[in-house]
Amino acid sequence: MALLEVKDLKMYYRTLRGQVKAVDCVSFEIEKGKALGIAGESGCGKSSMAITVLRLLPSNGHILGGEVRMDGLDLLSMSEEAFRKAIRWSRISMIFQGAMNALNPVHRVGNQIVEAILTHEDVSRQEAVERARRLLDMVGISPRRFNDYPHEFSGGMKQRAIIAMALACNPDLVIADEPTTALDVMVQAQVLRAIQDLREKLALSMMLITHDLSVIAQTCDDVAIMYAGKIVEYGTATEVYKKPLHPYSMGLVSAFPNIAAEKSPVRSVPGFPPNLVSPPEGCRFHPRCPLADDKCKTEEPASVEVGGNHHSVACHKVDVTAGGIDIWVQ
Amino acid sequence: MNGETVAGQAAVQPAPRRKRSGIADFWAQYRRRPYGLVGLVMLAMYIAVALAAPLLTPYDPRKTEFFLADRLAAPIWARFIIPRFRNAPPTSRYTIHPDQWKVERQERASLSFEEAGDRGETAVIRFEPSVEGGGGARSELSWKVHYGFNPPNTFEGKVTYRVEAPPDGMTRLSLVIVDPEGKEYDIWGTAVYGEQDWTTAALDSRDLQMKTRLNMTIFDDPAKVIFSTKGDYRLVLKASSESPSAEAKLFLAPAKFNILGILHGLLGADHMGADLWAQLVYGARISLIIGISAAVIGVALGTTIGIISGFLGGPVDEFLMRVADVFLSVPTLPVLIILSAFLGKNMWNIVLLVAAFSWMGSSRVVRSQTLSLKERAFVEAAKAAGASDAYIMVVHILPNVLPLVVANMVLMMPVAILYEASLSFLGLGDPRIPTWGRMLQNARAFGAFTELAWWWLVPPGLAITLLSLSFTFIGNTVNEVLNPRYRERS
Amino acid sequence: MGFRTYLIRRIVYALIVLFVILTFNFAVFRLMPGDAEKMIIDPRFSPEARMALRKQFGLDDPPLVQYWKYITSLLRFDLGQSFATRRPVASELAERLPNTIVLFLTAFTLTMVIGTAVGVYAAQHRGTFAETFVTGAGLFTYAVPTFFFQLLLLMLFGYYIRIFPIHGTMSAPPPDGAFLRFLDRVHHLILPAGSNVIIGFGSWALYTRNTMLEALGQDYIITARAKGLPRREILYHHALRSVLPPIVTLIFLSLPGMVTGAVITETIFSWHGVGRYLMDAVLQQDYPAAQGAFYLIALAVIISNFMADLVYGLVDPRIRVGAGERR
C-alpha cells in the first residue's frame, strides 16, 4: 500500500466570478521513501493541491470530492482537531518558500522549530531545544544561531532553517512547495543538495512542487505534470524526461535547458494557461496544442497507461506523440 | 539660449499625470464613490446655510439681540413632544398706541391726541387745576389683552411719557394689571413733581423693585403669579394730578408690553434670550471660514516646507524635519490654549495658531513625494538645462504634489474645525463671534444642563460632527482618486 | 544601527524637545499680556511692599538671569508661587496629579484592553456583526468631538437619569469607611473615564482588526497552521505577537493625545486634576500656575513619546537586535 494515495481529488475556490477549478479529479500515489515531483506552470493548481492535502485551504476553498488516504487512513473525513494533532507536521510536514515570510519575523528561528516539536511530542523543552539544534546542524546551520531572528539569516539559510523545521517531527511525508524559487542559482544548488542528502539519509517520502523541471530531475523518482488543475502525464522521472508523451510535457521538457546538448534553443510552450473558472471544453490543453483536432475540443481524454512502468498520459494523440517527433519545432 | 526657455520647454510636459482633461477625469472617478458624494452633498448644504444665513433667520447673533424670548426658552416644537411645554407661551409683543387706550374713568380730566414731533401721535391727558379741599384730577386708561397659555416666567414693558405741569404740581402715574377675576396687581408707579421731559420707564417682572411693590419676595415670580389664569387681562394706566396753580398735561407715547415666551423659534433661546437657531446658522459661516482658512494656510506652509526639505535635502532637510518632529511631539491643545490666551481672543489668532500646528503631516507627505519626483527625468532635464532651484520647485515639483496637497487640505479642515471648537468650548474663542464651540460652552456654563435643554446642546455638536464627517468623506475620496498609492496611509 | 545607538538618539531627541518646550514656556509667559505685576500687586500697596513682591516673584532680574533661574528651578520642580492662591504651584499640582493619573490610567487601560480585544475578535469573525460594529465605532469616534460626546453623556446620566455624579472626584463630604470611599471614587470616575473609553476604543479596535487581518494573511500564519499549532496559539503567539510592535507603538503614541485630552475631560467633569488646573490658571491669568501645569503636561507628553520609541525598539527584534534593516 502506498504511503499517500490521492484519488479523484477535487478542490474548487469560490470567488465572485465563479468557481475556480484549481484541482480537478487528480489522482496519484506516493510510495514510502519515494519522491514525487509535481510540475506545471504557475496557476495550474499544484500549490493548491499541496495545501489541500494538508487541509490548509483558505475559507473560500472547498473540497468537493475525492479521497486522500495516508496508510489507508482517510484524511479528509478526520475532524479538524484530530487532523491537526495526528497528521500535521507529525506525519506530513511542509517546506515553504523561504524567500517569503514563512518564518515569523518576531520569533527566534530556533524557537519556531522547538514550537513544532513541543506541539506534537511529549518531550521536555530542553530536549526539544537539543533536537532543534541538531536539526539546524544537519542542514548546515551552526546551532549557535539558534537564537537568531529570521531577519538575521540570509535567504539560503532561511530556506535551510525551514527545511530543518519541516523535519522536526520525523514526518513520513514532506511536501516541498517551490523550495528553491527566488534563491539565486548557487544557493539553489546548495539547498537542493541538502534536500537530496536528507532524503537519502532519512529515507523521506516527498512531494515536491515546482515549476522548474530541473529540480525534479535532480531529486524525484516520479513526476506528475499538471495542467489546468489536472494531471496530464504521470510516470517515472527518467521515463517522462526521456520520452514525454503529452504535448504539454514535451513542451516543458524541451523548454528545460539541457546544458549537455550543444545548441538547443531555449523554448517555452506558447500561449497562456487557461482561466480556471471556465476551462476549455474537451482537453483543457487543446487551445495551445499543435496537434488538436475536433475530438480534442469536445471530448476529455482519459488517462491511459502506456508501455508499463505506470507511465500514463491523458491525450487523444498518444499514437502521434509516442512516435517521438518533436512537435514543438516551428 | 538661456536656461529659462529650456526649462520652460521641459515644462511643456512636466509630468505624465497632469492632463488637459484633468478635472473632468477626476470628476468622472469621484462621482462613482458614494461616500464622496454624500460628503459633497453635506458640504454643499453647509455652504448653502452659511451663505443664506440672513435669509434663514431674522436675527443676527453678531448684534446684541437679547431677550427675544425668556432665558433658556425651548423651541416652539417642544410643545408637541415635551409635556411640560404643552401650553407654554410663545413670546407676545405688544405696542400700545395712544388711540388703543380705552378710557375707563375720567375725573376733571380729558383725553385728546396730538402729534408730538418725532414721537408721532401721543395721547394727552389734561388735568384741571386742583381745587382747595376737593382733591386732584384723575384718569384711568385701560388696554385689554387675552392670555391663553400656562403662566410665563417674565413680562416686561416700557412706558414713555412727558409731563407738563407748574412747579407746584404733582403728577402720579401707575400701571396695574387686572386679571380675569378682577384681582389687581400694582406693578409700577411713579410721581413727577413739576415738569418732566420725555422719559421711558422700563418695567420688568424680574426686577426686585416690582417684586417689593407687589409684596413679593425675591424668590417669587410676578409673571407666574399674575398670569396664572387664562382669559382677558387688562393693563390699566392710572394717572392723577394735584396741580393747584395751573392745568397739568401728561403726554403718552406708544407703550410696550411683552410677555417673554418660554417657547421660541426653531431652537429656543440661550441664557440671554438670544436666538439659538441664528447662532447655529451663523456658526456654519464661522466654522467654514475657520476650517478652510486654517487648513489652507497650514497645508500651504507644510507644502512649502515639504518641497524645500525634499528638494534641497542635506542639512536643510534634516533641520526642517527635526523641527517638524518637535512640533509633532509638543502637546498641541495645551500649547494652543496658552498661545490663544496670550495672543488674545480673536478669530484670526485661532486660525493662525491652528495652521501653525498643523503643517507637519502634509510637509512629510509632500517631502517624500518630492524625493521621488526629484529623481524623475523631467526634473533632471530642467536641472541640466540650468533652471534655478526655485524655478524647478515651483514649476515642476509643485504641480505634481498638488493632488496630495489638495487631499491633505480637505482632511485638515475637520481637524482645524475641531481645534477651534475645542478652544471656543474652553472659553478661549472670540467672544464677539457666534461659533458652535461657544454655543456648547454657553450651554454648559449657563444652565442648559439643569434645564435639560438638549436642543441647545445637540444641534451645535451634531453640526460639528457632520461637517467634519463630510470633510473626511470628501478628503478620503479625493485621496482615493488622486493618490491611490497613499490610500492606506493618511 | 544597534539598539544602543537607537536609544541614545531618542534620548537626545527627547531632551531637545524638552528644551524647546522649556524655552517656549519661559518666553510666552514673560510676554503674556496684562503684566504679571498687575495681577499680583494691588495698586494700593506701598512702593516698598510692591518692591518686595516684585523681588519675591523675580520680576526685576534681567531676562537671561530669569531664564537661568527658571530652567534650574523647573528641573528641581520648583514651579514658583501661584498668583491666585499664593501657594507653591508644585504642591498644588502634586495634590491634583494623582487624580489625573487615576483618570488617565483607567481610561487608557480600558481603551487599550477593550479596543485590542474587540479588534482581535473582529479580525477572527469576518463578515459578522462584530466587524460591522468595529467599523461603525471607528468611524463614529473619528468624527464626534470628544467634548460633545462627553457633554451628552453628562446631560443624559448626570442630569436626566441621575445615576452618576455631575462633577468632582469624590463626594463632599466623602462617605465613611475606606471601601465606601473607594466606591464613591469609582462612581465619580465612571463618566469621565468611560466617555474617553467609548470615544477611544473604536479607532483602536479598527486599527487592531486591520493589522490582525494583515498578519493573518501572512505566510508565517500558514506555516503555523501547517505545523499543527492550535488555533489559539496561532492567533496569539503568531498573529497578535507579530502585530504587537505597531500596536504597542501606537498605544504609546496615543498617550500624548490622551494626556492633552485630559484638559477637556477634566474641565467638563470638573475633575480636580492638572488639566483643569491649567485651564483655570489660563483663564485667571495666573501665570506661574499655568506655566507649571503646562510644564507637567509637556513632560508627560515627552515621556510618553520617548516610551513609544523605546517600546517600539523593545518589541521589534529588527531594532532590538539590529541588523541594519530599518523599518
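Anything mentioned here points back to the structure above.
A brief structural summary. (Residues numbered from 1 in each chain as written. Chains lettered and ligands numbered in written order. Predicted model: local features only at pLDDT ≥ 70, side-chain atom pairs only at ≥ 80, totals over all residues. Heavy atoms only, no water.)

### Let's talk about the arrangement of the chains
Part 1 of the argument: There are 2 pairs of chains in contact here; the most contacts are made by chains B and C.
Part 2 of the argument: Where chain A comes nearest to chain B, the C-alpha atoms are still 21 Å apart, and the two do not contact one another. (Contact = heavy atoms within 4.5 Å.)

### Describing the packing of aromatic side chains
Residue and element names in this part refer to chain B.
Part 1 of the argument: Enumeration according to the criterion identifies 33 aromatic pairs over all chains in this entry.
Part 2 of the argument: Judged by centre distance (6.5 Å) and plane angle (65 degrees), the rings of W198 and F251 are edge-to-face. You can see W198 sitting in strand β9 (residues 196-204) and its partner F251 sitting in strand β11 (residues 248-252), a full 53 residues away along the chain.
Part 3 of the argument: The exposure class assigned to W198 is partly exposed, which follows from its relative accessible area of 21%.
Part 4 of the argument: Classification of F251 by relative accessible area gives buried; the value is 2%. (Phe/Tyr/Trp six-rings, centres within 6.5 Å; stacked < 30°, edge-to-face > 60°. Helix = DSSP H or I, 4+ residues; strand = E, 2+ residues; numbered from the N terminus. Buried < 20%, exposed > 50% of the residue type's maximum accessible area, 1.4 Å probe, protein only.)

### Structural notes on the sheet that holds strand β1 (residues 4-15) of chain A
All names here are of chain A.
Part 1 of the argument: The strand order across the open sheet formed by 4 strands is β2-β1-β4-β5, and the pairing between neighbours is antiparallel. Taken across any chain shown, the strands that pair with only one partner, and hence form the sheet edges, are β2 (18-30) and β5 (73-74).
Part 2 of the argument: Here 2 bridges tie strand β4 (residues 61-70) to β5, and the two strands are oriented antiparallel to one another. Pairing of R69 across the sheet is with D74, part of β5.
Part 3 of the argument: On top of the sheet, helix α1 (residues 46-53) reaches β1, β2 and β4; it is set at about 110 degrees to β1, its chief contact. (Pairing = 2+ DSSP bridges. Axes fitted to C-alpha atoms, helices over the stretch in contact; angles between N-to-C directions.)

### Things to note about the nonpolar core
Part 1 of the argument: B:F85, B:I337, B:W436 and C:L278 are the most contacted members of the largest nonpolar core, which totals 163 residues.
Part 2 of the argument: Broken down by element, this core gets its largest block of residues, 16 residues, from helix α14 (residues 389-425) of chain B.
Part 3 of the argument: Setting aside residues no more than four positions away along its own chain, B:W436 makes contact with B:Y46, B:Q279, B:L280, B:G283, B:A284, B:S287, B:P460, B:A463, B:I464 and B:L467.
Part 4 of the argument: Counting residues in hydrophobic clusters, the runner-up holds 104 residues, among them A:Y13, A:A164, A:V232 and A:V253. (Core = buried A, V, L, I, M, F, W, Y, C linked by side-chain atoms within 4.5 Å.)

### Re the interface of chain C and chain B
Part 1 of the argument: In this assembly, 37 residues from chain C lie in contact with 39 residues from chain B.
Part 2 of the argument: Summing the contributions of chain C and of chain B, the shared interface buries around 3500 Å²; its carbon and sulfur component is 86%.
Part 3 of the argument: Among the residues of chain C in contact with chain B, C:F147, C:F148 and C:M155 are the three that bury the most area, contributing 17% of the side total.
Part 4 of the argument: Our count for the chain C to chain B interface comes out at 0 salt bridges.
Part 5 of the argument: Of all the elements in the fold, those that place two or more residues in the side of chain C that touches chain B are α1 (3-31), α6 (129-143), α7 (146-160), α10 (231-268), α11 (274-283) and α12 (287-315) of chain C.
Part 6 of the argument: A class-by-class count of the residues in the side of chain C that touches chain B yields 34 nonpolar, 3 polar and no charged. (Buried area = accessible area lost by both parts, 1.4 Å probe. Salt bridge = Lys/Arg side-chain N within 4 Å of Asp/Glu carboxyl O. Nonpolar A, V, L, I, M, F, W, Y, C, P; charged D, E, K, R; others polar.)

### What about the environment of B:M216?
All names here are of chain B.
Part 1 of the argument: Here M216 lies in the loop between α6 (208-213) and α7 (222-226).
Part 2 of the argument: Residue classification places M216 among the buried residues on the basis of a relative accessible area of 14%.
Part 3 of the argument: Through-space distance from the C-alpha of M216 to that of W454 is 33 Å; in sequence the pair is 238 residues apart.

### Comments concerning the state of the cysteines
Residues and elements named next belong to chain A.
Part 1 of the argument: Under the definition given, this model contains 0 disulfides over all chains.
Part 2 of the argument: Among the cysteines around C44, which has no disulfide bond, C283 carries the closest sulfur, lying 14 Å off.
Part 3 of the argument: No disulfide involves C283; its sulfur sits 6.0 Å from that of C296, the nearest cysteine. (Disulfide = S-S within 2.5 Å.)

### Overview of the packing of helix α8 (residues 276-312) of chain B against α14(B)
All names here are of chain B.
Part 1 of the argument: Where α8 meets α14, the closest approach of the two axes is 6 Å, and the angle between their N-to-C directions is 145 degrees. Relative to α14, the crossing made by α8 is right-handed.
Part 2 of the argument: Taken together, the residues of the contact of α8 with α14 break down into 21 nonpolar, 4 polar and 2 charged. (Left-handed = near helix turned anticlockwise from the far one by under 90°.)

### Notes on the pairing of strand β3 (residues 109-115) of chain B
All names here are of chain B.
Part 1 of the argument: Bridge count between β3 and strand β4 (residues 121-127): 7 bridges; the pairing is antiparallel. Bridging from a neighbouring strand, S110 pairs with R126 of β4.
Part 2 of the argument: From the end of β3 to the start of β4, which pair antiparallel, there are 5 residues, and G117 there has a positive phi angle of about 55 degrees.

### A short note on the interface of chain A and chain C
Part 1 of the argument: Every contact between the two is made by 25 residues of chain A and, on the other side, 22 residues of chain C.
Part 2 of the argument: Of the roughly 2300 Å² buried between chain A and chain C, counting both surfaces, carbon and sulfur atoms make up 59%.
Part 3 of the argument: Considering only the side of chain A, the residues that lose the most area to chain C are A:V106, A:E115 and A:H151, jointly responsible for 27% of the buried surface there.
Part 4 of the argument: Seen at the junction of chain A and chain C, the total is 1 salt bridge.
Part 5 of the argument: For A:E115, the salt bridge is made with C:K227, and the minimal N-O distance between the two is 3.1 Å.
Part 6 of the argument: Applying the counting criterion to the chain A and chain C interface returns 12 residue pairs in polar contact (both at pLDDT 80 or more).
Part 7 of the argument: By residue number, the principal contributor to the side of chain A that touches chain C is helix α3 (residues 109-120) of chain A, which donates 5 residues.
Part 8 of the argument: Of the residues contributing to the side of chain A that touches chain C, the split by class is 13 nonpolar, 7 polar and 5 charged. (Polar contact = N/O pair within 3.5 Å; in protein donor to acceptor, adjacent residues only side chain to side chain.)

### Quick look at a nonpolar patch on the surface
Residues and elements named next belong to chain C.
Part 1 of the argument: Together, F179, L180, F182, L183, V186 and I190 make up an exposed nonpolar region whose accessible area comes to about 560 Å².
Part 2 of the argument: Within the element layout of this structure, V186 appears in helix α8 (residues 178-216).
Part 3 of the argument: Of the residues examined, V186 reaches a relative accessible area of 31% and is grouped as partly exposed. (Patch = residues over 30% accessible without salt bridge, like charges linked within 9 Å, V, L, I, M, F, W, Y side chains within 5 Å. Areas by Shrake-Rupley, 256 points an atom, 1.4 Å probe, with all protein chains shown as cover.)

### Examining the environment of B:Y193
Residue and element names in this part refer to chain B.
Part 1 of the argument: Turning to its location among the elements, Y193 is positioned in strand β8 (residues 184-193).
Part 2 of the argument: A relative accessible area of 59% means that Y193 is categorised as exposed.
Part 3 of the argument: Once the C-alpha coordinates of Y193 and K63 are considered, the two residues, 130 residues apart in sequence, prove to be 38 Å apart.
Part 4 of the argument: Beyond its immediate sequence surroundings of up to four residues, Y193 is in contact with G169 and M170.

### Overview of unusual backbone geometry
Part 1 of the argument: Of note, the phi angle at A:D8 is positive, near 50 degrees, even though the residue is not glycine.
Part 2 of the argument: By the secondary structure assignment, A:D8 is in strand β1.
Part 3 of the argument: On the basis of relative accessibility, which here comes to 43%, the residue A:D8 falls in the partly exposed class.
Part 4 of the argument: One non-glycine residue, B:L72, lies in the positive phi region at around 55 degrees.
Part 5 of the argument: Of note, B:L72 is situated in the loop between α4 (53-56) and α5 (78-81).
Part 6 of the argument: Residue classification places B:L72 among the buried residues on the basis of a relative accessible area of 9%.

### Regarding the packing of α8(B) against helix α12 (residues 360-374) of chain B
Residues and elements named next belong to chain B.
Part 1 of the argument: Closest axis-to-axis distance for the α8/α12 pair is 7 Å, and the angle between their directions is 35 degrees. Handedness of the α8/α12 crossing: right-handed. Each of G298, V299, G302, T303, I305, G306, I307, S309, G310 and F311 in α8 lies in contact with α12, whose residues at this interface are S362, S363, V366, R367, T370, L371 and K374.
Part 2 of the argument: The residue makeup of the contact of α8 with α12, split by class, is 6 nonpolar, 9 polar and 2 charged.

### Things to note about the pattern of salt bridges
Part 1 of the argument: What the rule picks out here adds up to 43 salt bridges over all chains.
Part 2 of the argument: Of the charged contacts in the structure, one is a salt bridge between C:D280 and C:R276, with a shortest N-O distance of 4.0 Å. Residue C:D280 and its partner C:R276 are both found in helix α11; the two are separated by 4 residues, about one turn of the helix.
Part 3 of the argument: In this structure C:D280 comes out as partly exposed when scored by relative accessible area, which is 31%.
Part 4 of the argument: Here the salt bridges share partners, and the residues they tie into one network are B:R105, B:E107, B:R138 and B:E140.

Geometry only, nothing functional implied.
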